[in-house]
Amino acid sequence: MNRRSFLKNASIGATAAAATTLAAPAVRAQNVTDMVIVSTWPRDFPGLGSSAQRLAARIGELSEGRLAVQYFAAGERVGAFDSFDEVASGNAQAYIGAEYYWKGKHPAFAYFASVPFGLTYPEMDAWMKFGGGQDLWDELSDGFGIQAFSAGNTGVQMGGWFNKEIETADDLKGLKMRMPGLGGDVLAKLGASPVSLPGGQIYENLVSGAIDATEWVGPWNDYFLKLYEAAQYYYYPGMHEPGLQLALGTNKSWYSGLSKIDQQIIKAACMEENAMQAAETNQNNGTYLDKLINEHGVKLRKFSNEIYDAFGEASEAVFAETVEHSDLARRTHESFAKARSDLGRWMLLADTGYTEQRNRVLGITV
């Protein structure tokens with residue numbers, strides 16, 4: 001795949017003020033309602049972009065054409081980071097992206113994407129559906145005229161690409177590193193300079209030296225960005241996004257005006273893609289990790305315990321500041337933290353306990 005062909009349309013724009021109202025759904029023909037979806041991902045971008053396009057197509061398919069979906073990748077209608085405002089204002093009906101992009105509007109948005117030392121995909125799925133996560137997300141989004149749904153997950157992400165080995169936390173000082181969300185705030189606590197860039201701009205900035213390091217997603221997605229051409233050290237595991245949840249956010253006024261069946265179709269399509277995208281990413285990550293190491297000489301490295309302890313300290317400082325923002329931020333963090341504790345104990349016994357023993361017996365290693 002030509003990297004430039006799916007990156008050229010990605011752009012970042014200045015954020016406009018968000019309005020929160022929209023008239024009833026615009027109907028262009030009998031029983032047909034237009035649904036414009038704008039995305040934070042470039043067109044045909046492996047993983048994230050292809051997932052967004054698949055979701056858009058699925059909504060149209062399940063509605064049997066009653067929802068006439070028009071999909072616009074990043075830069076085709078608005079810049080990647082302008083997607084939220086485009087939907088909140090009613091200029092489009094939905095966006096597909098990652099909620100931590102909107103943490104400048106309210107820090108609690110980050111919890112519904114991923115936060116440092118956060119929830120893995122199965123843990124996030126449990127919190128959202130049965131631990132109160134969706135209710136808190138609804139309360140937050142309602143203040144901006146948005147109704148949002150889980151629509152994908154990248155699983156545990158890699159720690160990032162570096163041009164030098166990171167042996168101690170001091171090695172992070174002064175680094176200009178692409179990392180959005182609260183993870184970027186953690187880096188800042190450790191003396192790095194976090195930079196938030198949409199996916200389509202990462203490669204050029206890393207090659208040019210505008211940034212010194214970057215995280216993106218994992219082996220599959222990173223392979224197609226050709227990040228191995230710009231950095232050689234690939235660190236794991238990522239503390240910043242252990243289970244990045246993707247979202248479809250609809251204009252709430254528009255969504256509320258739909259028939260009950262079309263509302264359920266959008267919700268069902270999102271639930272389907274939430275599972276589909278996570279499975280697709282996990283399946284491909286192992287394959288492309290081998291390609292990165294064996295075909296491109298990438299040097300795999302593990303963050304030391306000392307570095308991870310520093311990440312943990314900085315994360316607690318970031319959370320302490322975050323909960324001071326508002327009552328909703330505090331309640332969101334408290335709900336998340338309880339889910340992390342309850343689910344973490346079970347996962348340690350179940351998934352982690354089993355896979356450690358299975359891999360030991362079978363000799364499966366990195």
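Residues numbered from 1 in each chain as written. Predicted model: local features only at pLDDT ≥ 70, side-chain atom pairs only at ≥ 80, totals over all residues. Heavy atoms only, no water.

Draft legend 1. Structural detail: the overall build of the protein chain. If you tally the helices and strands in the protein chain, you get twelve helices and twelve strands. By the compact-globule yardstick of 21 Å for 366 residues, the protein chain fits well, its C-alpha radius of gyration being 20 Å. In terms of overall dimensions, the protein chain has C-alpha extents of about 60 × 45 × 40 Å along its principal axes. When each of the 366 residues of the protein chain is scored for burial, the buried share is 54%. A separation of at least 24 residues holds for 79% of the contacts in the protein chain among residues at least 6 apart in sequence. (Helix = DSSP H or I, 4+ residues; strand = E, 2+ residues; numbered from the N terminus. Rg over C-alpha atoms; globule rule 2.2 N^0.38 Å. Buried < 20%, exposed > 50% of the residue type's maximum accessible area, 1.4 Å probe, protein only. Contact = heavy atoms within 4.5 Å.)

Draft legend 2. The nonpolar core, seen in detail. In this structure, Trp127, Phe162, Leu248 and Ile266 are the most contacted members of the largest nonpolar core, which totals 105 residues. In terms of residue count, helix H11 (residues 305–322) provides more of this core than any other element does, six residues in total. If we ignore the near neighbours within four places in the chain, the residues touching isoleucine 266 are Met35, Ile59, Leu67, Phe149, Leu248, Trp254, Tyr255 and Leu258. (Core = buried A, V, L, I, M, F, W, Y, C linked by side-chain atoms within 4.5 Å.)

Draft legend 3. Representation of helix H6 (residues 181–189) in the model. Within H6, the full set of buried residues consists of Gly181, Leu182, Gly183, Gly184, Val186 and Leu187. Looking at the buried residues of H6, the elements they touch are strand E7 (176–178), strand E8 (193–195) and H11.

Draft legend 4. Broad picture of the pattern of salt bridges. Scanning the model with the defined rule gives 22 salt bridges in all. Arginine 58 is the partner of glutamate 61 in a salt bridge, and the nearest nitrogen-oxygen pair spans 3.0 Å. Of this pair, glutamate 61 and arginine 58 both sit in helix H2 (residues 48–62), three residues apart, roughly one helical turn. Judged by its relative accessible area of 53%, glutamate 61 falls in the exposed class. Put simply, lysine 291 and glutamate 295 hold a salt bridge, and the shortest N to O gap is 3.8 Å. Note that lysine 291 and glutamate 295 are positioned in helix H10 (residues 260–296) at a spacing of four residues, about one turn of the helix. Several salt bridges converge on common partners, so that one network encompasses Arg54, Glu273 and Glu280. (Salt bridge = Lys/Arg side-chain N within 4 Å of Asp/Glu carboxyl O.)

Draft legend 5. Broad picture of the environment of valine 115. Mapped onto the secondary structure, valine 115 falls in the loop between strand E4 (94–97) and helix H4 (121–130). Given a relative accessible area of 3%, valine 115 falls into the buried group. Taking the C-alpha atoms as reference points, valine 115 and valine 186, 71 residues apart in sequence, are found 9.9 Å from one another. Non-local contacts of valine 115, meaning those with residues more than four positions away in its chain, are made with Ala110, Leu182, Met239, His240, Pro242, Phe319 and Phe336.

Draft legend 6. Seen up close, the confidence of the model for the protein chain. Residues with a pLDDT of 70 or more make up 92% of the protein chain, whose mean pLDDT is 92. Note that pLDDT drops below 50 for residues 1–24; the model gives that stretch 69 contacts with residues more than four away or on any other chain. (pLDDT = per-residue confidence, 0-100.)

Draft legend 7. Structural detail: the side chain of glutamine 147. Note that glutamine 147 resides in strand E5 (residues 146–153). A distance of 3.0 Å separates a polar atom in the side chain of glutamine 147 from a polar atom in the side chain of aspartate 138. The residues contacting glutamine 147, other than those within four sequence positions of it, are Gln134, Asp138, Leu248, Gly249, Thr250, Lys252 and Tyr255. (Polar contact = N/O pair within 3.5 Å; in protein donor to acceptor, adjacent residues only side chain to side chain.)

Draft legend 8. Spotlight on unusual backbone geometry. Put simply, tyrosine 236 and proline 237 share a cis peptide bond, and its omega is -15°. Here the phi dihedral of glutamate 64 falls at roughly 55°; this positive angle occurs in a residue that is not glycine. Relative to the helices and strands, glutamate 64 is located in the loop between H2 and strand E3 (67–72). A positive phi angle is found at lysine 226, which is not glycine, with a value near 55°.

Draft legend 9. Representation of the packing of aromatic side chains. Scanning all chains against the criterion turns up 31 aromatic pairs. Between the aromatic rings of tyrosine 95 and tryptophan 102, the centroid separation amounts to 5.5 Å while the plane-to-plane angle is 75°, which identifies the pairing as edge-to-face. Given the relative accessible area of 2%, tryptophan 102 is considered buried. Centroid distance phenylalanine 303 to phenylalanine 311: 5.3 Å. Interplanar angle 90°. Geometry classified as edge-to-face. Judged by relative accessible area, phenylalanine 303 falls into the buried class, the value being 5%. Judged by relative accessible area, which is 3%, phenylalanine 311 ranks as buried. Through a chain of ring-to-ring contacts, three or more aromatic side chains come together here, namely Trp41, Phe45, Phe81, Phe84, Tyr95, Tyr100, Tyr101, Trp102, Phe109, Phe144 and Trp216. (Phe/Tyr/Trp six-rings, centres within 6.5 Å; stacked < 30°, edge-to-face > 60°.)

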